[in-house]
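Here is what each chain is made of, one letter per residue.
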Amino acid sequence: MLFRRVKQRKNELSGVSLLNSAHLRSTLRYSLFLLFFQPAFSQKNDPKKEEWIQLFNGKDLSGWDIKIAGEDLNVNYKNTFRAENGMMRIMYDQYKTFDNKYGHIYYKEPFSYYILKFDYRFLGDQVPGGANWNVRNSGVMIHSQSAKSLTKDQDFPISLEIQTLGGLGKGVRHTANLCTPGTIVEMGGKVIPDHCIDSQSKTYDGDQWVSVTAVVLGGEIIHHIIEGDTVLTYEKPKVGGGYISKQNDFASGHVGNPDYWLKKDNTLLTGGYIALQSESHAIDFRNIEVLNLKGCMVKKALNYKSYYRVADNAKCTYKK
């Protein structure tokens, strides 16, 4: 269309070299600018375009807090947590023995309604001193208490754990299971007392990368997805059920303020922090990202998104 208009104008003005006209050259440059860049402007404001948040910048651990049992906040004991080659790595090459140094690294901001994605792979052998059940075993905690709120010797945060397991080359071993330190969930309308609930995933032997997605809808429902397949679904996560079980209370996990959590028994968990676990076997994480499903739901706002599930209209921005 642009070039047809130029040709028509050229025929109308015989004897004048329009292409040498400074005015026309300026007009052409402006028209071409709009032609090529207008789609980008439209896309930027597209309410359907998903805006994923990269939790890990691939370079360093900024934006994350570290808490390892027996250590103060943000003491990275023996360089357990590292950023290397675009991965967040949990390594034990500076350990002689594990010594129950259970640890977690927590993203700085909590979420409630969101989709979480990450890839993981296990590496090598377990560090000496790790429990037998922790071979090729780690996890990602969701709806977790903050790193700052853990007591010094606490092993695990009160949270829901997406348990990541690697196959042992000896048959079925599911991954993206659910473990519940200090929490309890329902499935099909019934409370499930088990501390760990198996998924229906495939078994992943070797040191291959495995892709995990969690669809987390506050205190309503949560789905664990492996390589595109939904392998576990549960509802109504709450504080409760003891620390690991009714027989294993908060003191067994070295939680220094058990009365606080006992008073919260049966409280619905609607949000919390995301944390990656160190549990004695080396593991790498990459592509850690979140799509927030809570935000501005006013259509005339500049930051409205059609995929939001819950309104947070205090964050709406408008044209001045």
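In what follows, the structure referred to is the one given above.
Residues numbered from 1 in each chain as written. Predicted model: local features only at pLDDT ≥ 70, side-chain atom pairs only at ≥ 80, totals over all residues. Heavy atoms only, no water.

Enquirer: In this structure, what is going on with the packing of aromatic side chains? I would like to understand it.
Expert: Centre-to-centre distance and the angle between the planes together describe a pair of aromatic rings. Scanning the entire structure with this criterion turns up 14 aromatic pairs. Taking the centre distance of 5.7 Å and the plane angle of 80° together, the rings of Tyr120 and Phe122 count as edge-to-face. The same class applies to Tyr120 and to Phe122, which are both buried. An angle of 65° between the planes, with centres 5.3 Å apart, marks the rings of Tyr307 and Tyr308 as edge-to-face. As far as burial versus exposure is concerned, Tyr307 and Tyr308 are alike and both buried. Over the face of the ring belonging to Tyr77 we find Lys101, whose NZ or CZ atom lies 4.7 Å from the ring centre. One cation-aromatic arrangement involves Arg286 over Trp209; the distance from NZ or CZ to the ring centre is 3.9 Å. (Phe/Tyr/Trp six-rings, centres within 6.5 Å; stacked < 30°, edge-to-face > 60°. Buried < 20%, exposed > 50% of the residue type's maximum accessible area, 1.4 Å probe, protein only. Lys NZ or Arg CZ within 6 Å of the ring centre and 35° of its normal.)

Enquirer: Just to check I follow, could you spell out empty space enclosed by the protein for this structure?
Expert: Empty space left among the atoms is revealed by rolling a probe the size of a water molecule over them. A full pass over the atoms with the stated rule returns one cavity of 30 Å³ or more. Put simply, the largest cavity is a space of about 40 Å³. As for the largest cavity, its lining consists of Tyr120, Arg121, Phe122, Arg136, Gly166, Tyr204, Gly206, Asp207, Gln208 and Val210. With three residues, strand β6 (residues 113-122) is the single largest residue contributor to the lining of the largest cavity. The residue makeup of the lining of the largest cavity, split by class, is four nonpolar, three polar and three charged. (1 Å grid on protein atoms, 1.4 Å probe; cavity = no way out; pocket = protein on both sides within 12 Å on 5 of 7 lines; lining within 4 Å. Points joined across faces, edges and corners; volume = space filled by probe spheres on them. Helix = DSSP H or I, 4+ residues; strand = E, 2+ residues; numbered from the N terminus. Nonpolar A, V, L, I, M, F, W, Y, C, P; charged D, E, K, R; others polar.)

Enquirer: Sorry if this is basic, but what is going on with the state of the cysteines here?
Expert: Note: disulfide means a covalent bond formed between the sulfur atoms of two cysteine side chains. Considering all chains together, one arrives at two disulfides under this definition. Cys179 shares a disulfide with Cys196; S-S distance 2.0 Å. With the S-S dihedral at roughly 110°, the linkage between Cys179 and Cys196 falls on the right-handed side. Of this pair, Cys179 sits in strand β9 (residues 177-179) while Cys196 sits in strand β12 (residues 196-197), and the two are 17 residues apart along the sequence. (Disulfide = S-S within 2.5 Å.)

Enquirer: Before we go on, may I ask you to explain the nonpolar core in this structure?
Expert: For soluble globular proteins, the rule of thumb is that nonpolar side chains tend to be buried together. Formed by 59 residues in total, the largest nonpolar core has its most connected members in Trp64, Leu116, Ile142, Phe285 and Ile288. In terms of residues, this core owes the most to one element, β6, which gives five residues. What Trp64 contacts, discounting residues up to four positions off in sequence, is Leu55, Phe56, Asn74, Met88, Ile105, Tyr106, Tyr107, Ile274, Leu276 and Ile288. Counting nine residues, the second largest nonpolar core, distinct from the first, contains Val215, Leu217, Leu291 and Tyr307. (Core = buried A, V, L, I, M, F, W, Y, C linked by side-chain atoms within 4.5 Å. Contact = heavy atoms within 4.5 Å.)

Enquirer: What is the right way to look at the pattern of salt bridges in this model?
Expert: A side chain with one charge may pair with a side chain of the opposite charge, provided their charged atoms come close. Using the criterion set out here, one finds 10 salt bridges in the structure. Here Lys305 makes a salt bridge to Glu51, at a shortest N to O gap of 3.3 Å. One end of the pair, Lys305, is in the loop between β18 (294-295) and β19 (310-311); the other, Glu51, is in the loop between α2 (22-44) and β1 (52-54), with 254 residues separating them in the sequence. Notably, a salt bridge pairs Arg136 with Asp207, separated by 3.2 Å at the nearest N-O pair. In this pair, Arg136 sits in the loop between β6 and β7 (137-144) while Asp207 sits in the loop between β12 and β13 (210-217), placing the two residues 71 residues apart along the sequence. (Salt bridge = Lys/Arg side-chain N within 4 Å of Asp/Glu carboxyl O.)

All quantities given are derived from atomic positions and should not be read as evidence of function.
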